[in-house]
Amino acid sequence: MSSASTSAPTATRMSAGARRELILTAATRAFAEQGYAATTTDTVAREAGVSQPYVVRMFGTKLQLFVEVFEHAGARIIEAFGRELDAQPFDPDEPDDWTRLGHAYKELVEDRDFLLVMLHGFTSAGVEEIGVAARESMGRIFALLRRTGGTDEQLRVFVAHGMLINVLVAMRAPEHLGEGGPLADLMACAMQEFRPVSG
């Protein structure tokens, strides 16, 4: 048997693109857990299993890295809503169409890291670059939702419903439904289908 056939397989070198995605995923976990202020590029590097200088070389400052992570989360919302709106015609007076769009969002917020990164971005908007990214992201999402043809009131209710779900999931309310009481009642209201008023 030749030495070539008995030697161990050579490890495949990770491409720069794959390593970039690895770091973005690690950064999402780190920022979700600790927030923008408490997270360092060293924290992200340890989470990703790379060196801190490599993170800085690839993304620049912590601020630049956070903005990219935040914008990536916003793009996931755009993609999810866009996919549903492209899948079939949307009738703003048809409750099932709003429900379909709402389910696309509920699937996203089941990813707790995604949700917390979005919330950290909103609460860190006092940092100018993060504030710009947060405002632009919300603007793009709302512009896409206008494709539903819904009224201002329908869109307001839909967005507000999503924000309420964000807060409840962030405080882990769904995990405490068995405790009953007013919070369970609120959860029952919030987790109903996304059905804005018509007209």
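For the structure itself, look to the data block above.
If you're wondering where the values come from, they're calculated on a predicted model, not measured in any experiment. (Residues numbered from 1 in each chain as written. Predicted model: local features only at pLDDT ≥ 70, side-chain atom pairs only at ≥ 80, totals over all residues. Heavy atoms only, no water.)

I keep staring at helix 9 (residues 152-170) and nothing clicks. Help me out?
Residue pairs spaced three or four apart in an α-helix point in one direction, given the helix's 3.6 residues per turn. Look at helix 9: 27 Å from first C-alpha to last across 19 residues, which is about the 27 Å you get at 1.5 Å a residue. Of all the residues in helix 9, the buried ones are Q154, L155, F158, H161, G162, I165, N166, L168 and V169. R172 occupies a position one or two residues after helix 9 and carries a positive phi of about 60°. (Helix = DSSP H or I, 4+ residues; strand = E, 2+ residues; numbered from the N terminus. Expected span 1.5 Å × (residues − 1). Buried < 20%, exposed > 50% of the residue type's maximum accessible area, 1.4 Å probe, protein only.)

Sorry if this is basic, but what is going on with the packing of aromatic side chains here?
What describes a pair of aromatic rings is the distance from one ring centre to the other and the angle between the planes of the rings. For the coordinates displayed, the defined rule picks out nine aromatic pairs. Linked through ring pairs, F31, Y36, F66, F70 and F122 together constitute an aromatic cluster. Lying over the aromatic face of Y54, R19 brings its terminal NZ or CZ to 5.6 Å of the ring centre. Cation over ring: K62 sits above Y36, and NZ or CZ is 4.4 Å from the ring centre. (Phe/Tyr/Trp six-rings, centres within 6.5 Å; stacked < 30°, edge-to-face > 60°. Lys NZ or Arg CZ within 6 Å of the ring centre and 35° of its normal.)

Got a minute to help me understand the packing of helix 9 against helix 10 (residues 181-190) in this structure?
Packed helix pairs are characterised by how far apart their axes lie and by the angle those axes make with each other. Two elements in contact, helix 9 and helix 10, have axes separated by 10 Å at closest approach and are oriented at 140°. Of the possible angle classes, the one that applies to helix 9 and helix 10 is oblique. Where helix 9 crosses over helix 10, the two elements pack in a sense that is left-handed. Only L183, L186, M187 and A190 of helix 10 make contact with helix 9, whose side of the interface consists of H161, L164, I165 and L168. Taken together, the residues of the contact of helix 9 with helix 10 sort by class into seven nonpolar, one polar and no charged. (Axes fitted to C-alpha atoms, helices over the stretch in contact; angles between N-to-C directions. Parallel < 35°, antiparallel > 145°, perpendicular 65-115°, else oblique. Left-handed = near helix turned anticlockwise from the far one by under 90°. Contact = heavy atoms within 4.5 Å. Nonpolar A, V, L, I, M, F, W, Y, C, P; charged D, E, K, R; others polar.)

It is not clear to me how the side chain of D97 should be interpreted in this structure. Could you clarify?
On the secondary structure map, D97 appears in helix 6 (residues 95-109). Once residues within four sequence positions are removed from consideration, D97 is found in contact with Q88, P89, F90 and D91.

Any chance you could explain the pattern of salt bridges here in plain terms?
If charged atoms from side chains of opposite charge come close, those side chains can pair. On inspection of all chains with the given rule, the structure shows twelve salt bridges. In this structure, the salt-bridge partner of R100 is E84, at a minimum N-O distance of 3.3 Å. Pair noted here: R100 is in helix 6 and E84 is in helix 5 (residues 62-87), with a separation of 16 residues, a long-range link. The class of R100 is buried, set by a relative accessible area of 16%. Here R100 makes a salt bridge to D97, at a shortest N to O gap of 3.6 Å. Of this pair, R100 and D97 are both found in helix 6, three residues apart, which corresponds to roughly one turn of the helix. Here the salt bridges do not stand alone but share partners, grouping E84, D97 and R100 into one network. (Salt bridge = Lys/Arg side-chain N within 4 Å of Asp/Glu carboxyl O.)

Mind showing me how you'd approach the packing of helix 8 (residues 128-145) against helix 9 here?
Look at helix 8 against helix 9: their axes get within 11 Å of each other, and the N-to-C directions meet at 130°. For the element pair helix 8 / helix 9, the angle class is oblique. Read as a crossing pair, helix 8 and helix 9 show a hand that is right-handed. Contact residues: M138, F142 and L145 in helix 8; L155, F158, V159 and M163 in helix 9. Of the residues assigned to the contact of helix 8 with helix 9, the class counts are seven nonpolar, no polar and no charged.

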